[in-house]
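# Notes for the structure review
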Amino acid sequence: MNSKNTLKKSPKLVVIGAGIAGVGAAGKLLTHGFTDIQIVEASSQPGGRIKSSLFGKSTVDEGAQYIHGASVKNPIFQLAKEHGLLQETQDRSDPELSVLTNMQKQMDPDVTKEVKNLSSSILRRAHLIAQQKQYTQANSLADVYLEEVKMLVAQWDGDHTDLRRQKLGLLSMLMKWQCVHHAAGSLSEVSVHEYEEYNTIEDHDRNSQGMLYCSRLFPNLLEKLLEVIPREKLLLKKPVQQILWNGSFESEDRSLYPVKVLCEDGGHILADHVILSISLGCLKANGQSLFQPRLPEQKLNAIQSMGFGTMNKIYLEFEAPFWDENTDVIGLVWEEETPLSRQEPNLAEWWKSAPVFYVFKPTERYGHLLVGTISGKEAEFIESLSLQEVASSLTCLFRQFTGRSSLPELKNVFVTKWFSNPYTRGSYSHISINSTGDMIDLLTEPLPHATEGSGSPMLQLLFAGEATHRSYHSTTHGALLSGWREAERLIDLYSTK
Ligand SMILES: Cc1cc2nc3c(=O)[nH]c(=O)nc-3n(C[C@H](O)[C@H](O)[C@H](O)COP(=O)(O)OP(=O)(O)OC[C@H]3O[C@@H](n4cnc5c(N)ncnc54)[C@H](O)[C@@H]3O)c2cc1C
């Protein structure tokens, strides 16, 4: 049986994936004296879901852009502060939401605020409501949300028909916005336990408080994290094809290693330990064939059951703004919609799934720039459209909502493609109705674990990445903490030597 006193002095480590989890893990191991490390990355650049691109006159973030829960407890906030990256950040905790309807009306801001607060409160308390009311069927956020909304709507009987219709449309918009936060197509895909498991790192709600924004903040931070990693330790454009583990593979100097990482280019790397930080989307797609021997059934089941969906961004550049200078977010309400009618994916009218558009400020820096967010099947679908198709649909959309048929064609459009990216296959994770928080722990369990006592070398496969953080999944800080967690597991394993 392997134990601490039979371990090699200088283990050979491979980190698969150079997203923030992988880079964080490798950086921590290097600073703790581990020298034999290779980071193997499929793409031509590190960062994974931290990625920026040139658009119009500015650089925009394709992936992460907000620090959720900006406090000293948040390692992203802390590191950004240490590296002087917070100077230009803007607080987007309480954005000015301006809601337009497809009947060319502007919703009363007080009504908007009231309905938005009610909606957020239901969602945050969903698991408690389900418990208190002993719902037997409740397993999705939609189950609880819609029951509560029905009661809410009953109280609106005295409202004028127009107002009632607008409020229902607004609730429908807010549901879509919530789906974007979970990268889900519908709240019926997300477990009622999502908010019980997910914690904000500063005890604030992630969608309404403690949100800092600055373009390129995350790519800049990643560059800082990469500074401790010697360039030759990062192998780019080297997709991993298969991981052979629990074996005994001989190197040229006749040393034996339990793990052999096979790359698509025909090369291989031997290792004592592999930290795997590829996305849950990639694990879902390749989990069966990626490992030899297969992963234990329970782990494979967790991978398949956990939630991982697509959220895409649509960047839009206008010649001139149609929005008020105080507006931070433009919400689009379809007055005929109600949250109480079943929402099926609607690819023919995909733009109806883009509930909000964020305004970039200051204008001198970004020009007249908006970014829309879209999730679910519609988010996957728009990746197949040409930019011209997206631009003309959205020009029609804004003409309809503003009532200004003369609104000029969009100057420039850019759509992110997280679903068709073979090294991401979606955007981020959530607790699906088929999963539980325990499944996150199951996914995270290293193999073989110390307790197994099988005689095999311990901790050959370690699992990091955003989806492996039970409380902070779907975020950059969750990803970074997961990388550090796995690095610490190895540091601890070798610490008594
Ligand atoms: C549109 C969008 C918006 C977001 N907004 C925010 C936000 O505002 N705030 C926030 O905190 N978080 C946000 N997130 C989430 C955040 O970006 C992720 O949680 C985090 O970046 C994930 O890091 P990771 O290291 O776990 O995974 P990844 O960044 O996905 O890294 C995994 C790496 O593995 C590589 N890889 C995959 N397969 C292979 C293979 N076979 N061989 C070798 N390498 C491979 C990939 O190329 C990638 O570089 C957003 C994500 C998206 C997509």
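To keep things clear, this report deals only with the structure shown in the data block. As the structure is a computational prediction, the values presented were derived from the model and not from experiment. (Residues numbered from 1 in each chain as written. Predicted model: local features only at pLDDT ≥ 70, side-chain atom pairs only at ≥ 80, totals over all residues. Heavy atoms only, no water.)

## Observations concerning the overall build of the protein
When helices and strands are tallied, the protein shows 15 helices and 24 strands. Relative to the 2.2 N^0.38 estimate, which gives 23 Å for 497 residues, the radius of gyration of the protein is 24 Å and therefore close to what a compact globule would have. Its C-alpha atoms give the protein principal-axis dimensions of roughly 80 × 55 × 40 Å. By residue count, 57% of the 497 residues in the protein fall in the buried class. (Helix = DSSP H or I, 4+ residues; strand = E, 2+ residues; numbered from the N terminus. Rg over C-alpha atoms; globule rule 2.2 N^0.38 Å. Buried < 20%, exposed > 50% of the residue type's maximum accessible area, 1.4 Å probe, protein only.)

## Some details on the pairing of strand β15 (residues 273–276)
Side chains H273 and I275 of β15 all project onto a buried face; the interleaved residues V274 and L276 project onto the opposite face, where all are buried too. The sheet contact formed by strand β1 (residues 13–16) and β15 spans four bridges and is parallel. In the sheet register, I16 faces β15, and the bridge partner there is L276. With three bridges connecting them, β15 and strand β24 (residues 461–463) associate as parallel partners. Paired with V274 across the bridge in β24 is L461. (Pairing = 2+ DSSP bridges.)

## Details of the sheet that holds strand β21 (residues 368–375)
The strand order β7-β19-β20-β21-β18-β22 describes an open sheet built from six strands, whose pairing is mixed. Only two strands of the sheet have a single partner each, and these edge strands are β7 (97–101) and β22 (412–415). The average undirected angle you get between the axes of adjacent strands in this sheet is 20°. Examined bridge by bridge, strand β18 (residues 311–318) and β21 share eight bridges and lie antiparallel to one another. Paired with L316 across the two strands is L370, which belongs to β21. Lying over the sheet, helix α13 (residues 387–402) contacts β7, β18, β19 (329–333), β20 (356–359), β21 and β22, oriented at roughly 115° with respect to β22. (Axes fitted to C-alpha atoms, helices over the stretch in contact; angles between N-to-C directions. Contact = heavy atoms within 4.5 Å.)

## Structural notes on the nonpolar core
Counting 47 residues, the largest nonpolar core has L170 and W177 as its most contacted members. Per-element accounting of this core gives the leading share, eight residues, to helix α6 (residues 161–182). The residues touching W177, leaving out its near neighbours within four places in the chain, are L97, K116, V329, P355, V356 and Y358. Among the nonpolar cores identified, the runner-up in size contains 44 residues, and L86, L212, L221 and I491 belong to it. (Core = buried A, V, L, I, M, F, W, Y, C linked by side-chain atoms within 4.5 Å.)

## Comments concerning the pairing of β7
Among the five residues in β7, five count as buried, and that is most of the element. Note: β7 against β19, five bridges, orientation parallel. Bridging across to β19, S98 finds its partner in I330.

## Comments concerning the site of the ligand
Close to the ligand lie 35 residues; E41, R49, Y66, E466 and T476 are nearest. A42 places a main-chain nitrogen or oxygen 3.1 Å from a nitrogen atom of the ligand. A distance of 2.8 Å separates a nitrogen atom of the ligand from a polar backbone atom of Y66. Burial of the ligand by the protein chains amounts to 97% of its free accessible area of 1000 Å². Those elements giving two or more residues to the shell around the ligand turn out to be α1 (20–31), β5 (66–68) and α15 (476–494). (Near = heavy atom within 4 Å. Polar contact = N/O pair within 3.5 Å; in protein donor to acceptor, adjacent residues only side chain to side chain. Areas by Shrake-Rupley, 256 points an atom, 1.4 Å probe, with all protein chains shown as cover.)

## A closer look at the sheet that holds β1
Here we have five strands laid out as an open sheet, ordered β9-β2-β1-β15-β24, and parallel in their pairing. Only two strands of the sheet have a single neighbouring strand rather than two, namely β9 (234–235) and β24. Across two bridges, the pairing between strand β2 (residues 37–40) and β9 is parallel. Across the sheet, the residue bridging to V40 is L235, located in β9. Packing of α15 onto the sheet brings it into contact with β1, β15 and β24, and relative to β15 it is tilted by some 160°.

## What about the pattern of salt bridges?
The final tally for this structure, using the stated rule, is 26 salt bridges. Two residues, K28 and E488, come together in a salt bridge whose shortest N-O distance is 3.2 Å. Residue K28 is found in helix α1, and its partner E488 is found in helix α15; the two are separated by 460 residues along the sequence. According to the relative accessible area criterion, E488 is partly exposed, its value standing at 41%. Here the salt bridges do not stand alone but share partners, grouping K105, D162, R165 and E335 into one network. (Salt bridge = Lys/Arg side-chain N within 4 Å of Asp/Glu carboxyl O.)

## Notes on the layout of surface pockets
One number sums up the size of the second largest pocket: a volume of about 840 Å³. As for the second largest pocket, its lining consists of 37 residues, and the residues nearest its centre are G185, S186, Q343, E344 and P345. Elements that contribute at least two residues to the lining of the second largest pocket include exactly α5 (141–154), α6, β17 (307–309) and α12 (377–382). For the lining of the second largest pocket, the element with the highest residue contribution is α6, accounting for four residues. (1 Å grid on protein atoms, 1.4 Å probe; cavity = no way out; pocket = protein on both sides within 12 Å on 5 of 7 lines; lining within 4 Å. Points joined across faces, edges and corners; volume = space filled by probe spheres on them.)

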